[in-house]
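Spelled out, the chains give:
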Amino acid sequence: HIGAWGSKATLNFALSLCSHFHLDHCGALPYFSEMVGYDGPIYMTHPTKAICPILLEDFRKITVDKKGETNFFTSQMIKDCMKKVVAVHLHQTVQVDDELEIKAYYAGHVLGAAMFQIKVGCESVVYTGDYNMTPDRHLGAAWIDKCRPDLLISESTYATTIRDSKRCRERDFLKKVHEAIERGGKVLIPVFALGRAQELCILLETFWERMNLKAPIYFSTGLTEKANHYYKLFITWTNQKIRKTFVQRNMFEFKHIKAFDRAFADNPGPMVVFATPGMLHAGQSLQIFKKWAGNEKNMVIMPGYCVQGTVGHKILGGQRKLEMEGRQIVSGNVSQEGPSAVADWIRIHSELEVKMQVEYMSFSAHADAKGIMQLIRQAEPRNVLLVHGEAKKMEFLKQKIEQEFHVTCHMPANGETVTVHTNPNIPVDVSLGLLKRELTIGPLPDSKRPKLMHGTLIIKDNSFRLVSPEQALKELGLAEHQLRFTCRIHFQDPRKEHETGLRLYNHLKTFLKDYSVQHLSDTSIMVESILIQVTVQSEDPATKLLLVSWTYQVRFLFYTCYHTPGFQSPLPLSKGL
């Protein structure tokens, strides 16, 4: 809800992603960029960039010109907003800045719809937008590789629905339309201009051709031509069958479907009308519904999801008496925009009784519960966040996801903040010399167990390398310093220092036959790299101090405990790391 930010704000966002052209995903773009103050790039696919401004302008006209809204974006703002758009190709990696990159994946759903992967370093998020995992008559199924993102943000419109076979649904749809036409009724199919409209048009066109039916089929004026233009322009975004037959026959040039004029709604006899918008909340579809609702011969088929509060949602819930709100001109210049235009209308209320047959057949291009689980299985995310759904249904799906995939699943409400903890894997290059040296130490590596490696980590130009200490010193031009550890041991021995040292040397020589033991002076002994020195640091000459010194390279710890005449306690000869 961007309105919460106020009329103007300084927004520190790196980028904006628009998944597709449906208004619940792109409708606030001009407000966001031209009224709130976002000034960064807006990324979307080429079909979305082409279609967005048309739907945004249509949205503006309905909201401002017909409903009288005043605090709304203008036509110029739409144009200025679209200048900030950067169009991307599928599977193209776009480097947004030094650290951030994005990549688009095919989402099905509607022409140009895309899922986006956002990566910063080794951490990534996938935002699905709306997607469909089932191919249909004009689009393919959504696809993403096994990218294993830290977070998958998925729509959950049909969180608890598992659809029956598409062929059964199509057969049922055609049967109901045919029955209504045969009894002389009119069929209203509320749709959005692009997407399911084309899917159902192809279905009816094929059926009318096969059955040689004469009843007219109409589509909202102007939108069919625009839709056909963009489907021709972006034919590569459609499914394989349409791409193959496109040269011989364009599936979007309909023989039986004609442009609709609002006067046709009063014509006698059967007809089928595709009218926008798809939820019966405004526009031509609502006007036709009001005219036809009182006749039991007529039928309305809702082919997609309806938001709570819309007329579509009410009639699907069984409501047959509707409180309808309208407007009536009282005075003034109705074409004028601005505050004075509001005074030209008064609101009127009336009750509408619905006698027509109401049917729901899900031709929605959203993934069902099975499809959502399929995408999660495909992408293998570490965390999932559900959006774009109803709370109770999302809760059910959340539990299923956590049970099956053993990942954390979130479903935040609007305005709620979620913190996702990640465990980034940092790639490190290991020098060949270090690998060879480590292989000579200890047992051979086991592929099932990680091997601990000792080396020096060099971080340079955002890259990590593990090398031997010698190589690191050479590369960095540093001198080696040796760090020694010293242990002080006090013991009693009446002999002179050099005698104690000699006896200690002979003792070590006897017990440490496998080690190099050297007598350096009267009081100093070297065992490998361990230095042992006998000294007197007391007024009592019988109290001796034994200094044992070693470097961090000494890896073995050994103790030799002995007791000889004159030595009063067990003596630890050396320690190592």
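In this report, we go over the structure that sits alongside the text. (Residues numbered from 1 in each chain as written. Predicted model: local features only at pLDDT ≥ 70, side-chain atom pairs only at ≥ 80, totals over all residues. Heavy atoms only, no water.)

## Thoughts on the packing of helix H12 (residues 369–379) against helix H13 (residues 391–405)
Inclusion rule: A fitted line through C-alpha atoms serves as each axis, taken over the contacting stretch for helices, and the angle formed by two N-to-C directions is quoted from 0 to 180°. Strands here are runs of E lasting at least two residues and helices are runs of H or I lasting at least four, both read from the DSSP assignment and numbered beginning at the N terminus. In this scheme the handedness of a crossing depends on how the near helix is turned from the far one: anticlockwise by less than a right angle means left-handed, clockwise means right-handed. By definition, residues are in contact when any of their heavy atoms lie within 4.5 Å. Classification used: nonpolar for Ala, Val, Leu, Ile, Met, Phe, Trp, Tyr, Cys and Pro, charged for Asp, Glu, Lys and Arg, polar for all others including Gly.
Taken N-terminus to C-terminus, the directions of H12 and H13 make an angle of 35°; their axes are 11 Å apart at the nearest point. The two elements H12 and H13 cross, and the hand of that crossing is right-handed. Of H13, the residues touching H12 (which contributes Ile372, Met373, Ile376 and Arg377) are Leu397, Lys400, Ile401, Glu404 and Phe405. Among the residues making up the contact of H12 with H13, the classes are represented as six nonpolar, no polar and three charged.

## So, unusual backbone geometry
Trans is the common state for peptide bonds, and a negative phi is the common state for residues other than glycine. Which entries qualify depends on this criterion: Exposure is judged per residue with a 1.4 Å probe applied to protein chains only, and the accessible area is read against the type maximum: over 50% gives exposed, under 20% gives buried, and values in between give partly exposed.
Thr276 connects to Pro277 through a cis peptide bond whose omega is 0°. In this fold, Pro277 is placed in the loop between strand S12 (271–275) and helix H9 (283–292). The phi dihedral of His109 falls on the positive side, at around 60°, and the residue is not glycine. Looking at where His109 falls in the secondary structure, it is placed in the loop between strand S5 (100–106) and strand S6 (114–120). A positive phi angle is found at His388, which is not glycine, with a value near 60°. One can find His388 in the loop between strand S17 (383–387) and H13. Owing to a relative accessible area of 32%, His388 belongs among the partly exposed residues under this scheme.

## Observations regarding the nonpolar core
The condition that has to hold: Among buried residues, the Ala, Val, Leu, Ile, Met, Phe, Trp, Tyr and Cys ones that are joined through side-chain atoms within 4.5 Å form a nonpolar core.
The biggest cluster of nonpolar side chains holds 68 residues, and the ones touching the most others in it are Tyr131 and Ile401. Considering every element that reaches this core, the biggest residue donor is helix H3 (residues 46–66), with six residues. Not counting chain neighbours up to four residues away, the residues in contact with Tyr131 comprise Ala107, His109, Met115, Ala142, Ser154, Glu155, Ala365, His366, Ala367, Gly371, Ile372 and Leu375. Val191, Leu204, Leu213 and Phe274 belong to the second-largest nonpolar core, a separate cluster that totals 30 residues.

## Comments concerning the sheet that holds strand S2 (residues 42–45)
We count it as follows: The criterion for strand pairing is that DSSP finds at least two bridges linking the strands in question.
Taken in spatial order, the three strands make up an open sheet running S1-S2-S3, and their pairing is parallel. The sheet terminates laterally at strand S1 (16–17) and strand S3 (85–88), the two strands that pair on one side only. Of the strand pairs in this sheet, S1 and S2 are connected by two bridges, and their pairing is parallel. By the bridge assignment for S2, Leu17 is matched with Tyr43. Sheet strands in contact with H3 are S2 and S3, and its direction is about 105° off that of S2.

## Some words on the sheet that holds strand S9 (residues 186–190)
If you walk across this open sheet you meet the six strands as S11-S10-S12-S9-S13-S16, and the pairing is parallel. One side of each edge strand has no neighbouring strand; the edge strands of this open sheet are strand S11 (257–260) and strand S16 (357–360). Between one strand axis and the next, the sheet turns by 25° as a mean value, whatever way the strands run. Of the strand pairs in this sheet, strand S13 (residues 299–302) and S16 are connected by four bridges, and their pairing is parallel. Its bridge partner being in S16, Ile301 is matched across the sheet by Glu359. Each of S9, strand S10 (217–220), S11 and S12 is contacted by helix H6 (residues 196–211), which is oriented at about 165° to S12, the strand it contacts most.

## Things to note about the pairing of S17
Put simply, the rule is: Orienting the strands away from the viewer, one traces the path from the first strand over the helix to the second; a clockwise path indicates a right-handed crossover.
Summarising burial for S17: four of the five residues are buried, a large majority. Judged from the three bridges that link them, S17 and strand S18 (residues 408–410) form a sheet pairing that is parallel. Among the inter-strand pairings, Leu385 is bridged to a residue of S18, identified as His410. Crossover S17 to S18 through H13 is right-handed.

## Quick notes on the packing of helix H2 (residues 29–36) against helix H4 (residues 75–82)
Selection criterion: To sort the angles, those under 35 degrees are grouped as roughly parallel, those over 145 as roughly antiparallel, those from 65 to 115 as roughly perpendicular, and the leftovers as oblique.
Their axes nearest at 9 Å, the elements H2 and H4 cross at an angle of 90°. It follows from the interaxial angle that H2 and H4 lie roughly perpendicular. The segment H2 lies against H4, with Leu29, Pro30, Ser33, Glu34 and Met35 engaging Met77, Ile78, Asp80 and Cys81. Of the residues assigned to the contact of H2 with H4, the class counts are six nonpolar, one polar and two charged.

## Some points on empty space enclosed by the protein
What counts, and what does not: In this analysis, the protein atoms alone were mapped onto a 1 Å grid. Cavities are point sets where a 1.4 Å probe fits without being able to get out; pockets are open sets with protein on both sides within 12 Å along at least five of seven lines; lining residues have an atom within 4 Å of a point. Grid points are joined across faces, edges and corners, and a volume is the space filled by probe spheres set on the points. Where each domain starts and ends follows an automatic or database-derived domain assignment.
Applying the stated criterion across every chain, the model contains two cavities of 30 Å³ or more. Here the largest cavity defines a volume of roughly 100 Å³. Broken down by secondary-structure element, the contributors of at least two residues to the lining of the largest cavity are helix H5 (166–182) and H6. Tallied by class, the residues present in the lining of the largest cavity amount to three nonpolar, three polar and six charged. Counting only domains with at least three residues in the lining of the largest cavity, you end up with domain 1 (16–161 + 364–410) and domain 2 (166–326 + 347–360).

## Examining the pattern of salt bridges
Counted only if it meets this: For salt bridges, the criterion is a side-chain nitrogen of Lys or Arg within 4 Å of an Asp or Glu carboxyl oxygen.
Evaluated as defined, the whole model comprises 16 salt bridges. We note a salt bridge from Arg437 to Glu470, for which the minimum N-O separation is 3.2 Å. Placement of the pair is Arg437 in helix H14 (residues 432–439) and Glu470 in helix H15 (residues 469–476), with a sequence separation of 33 residues.

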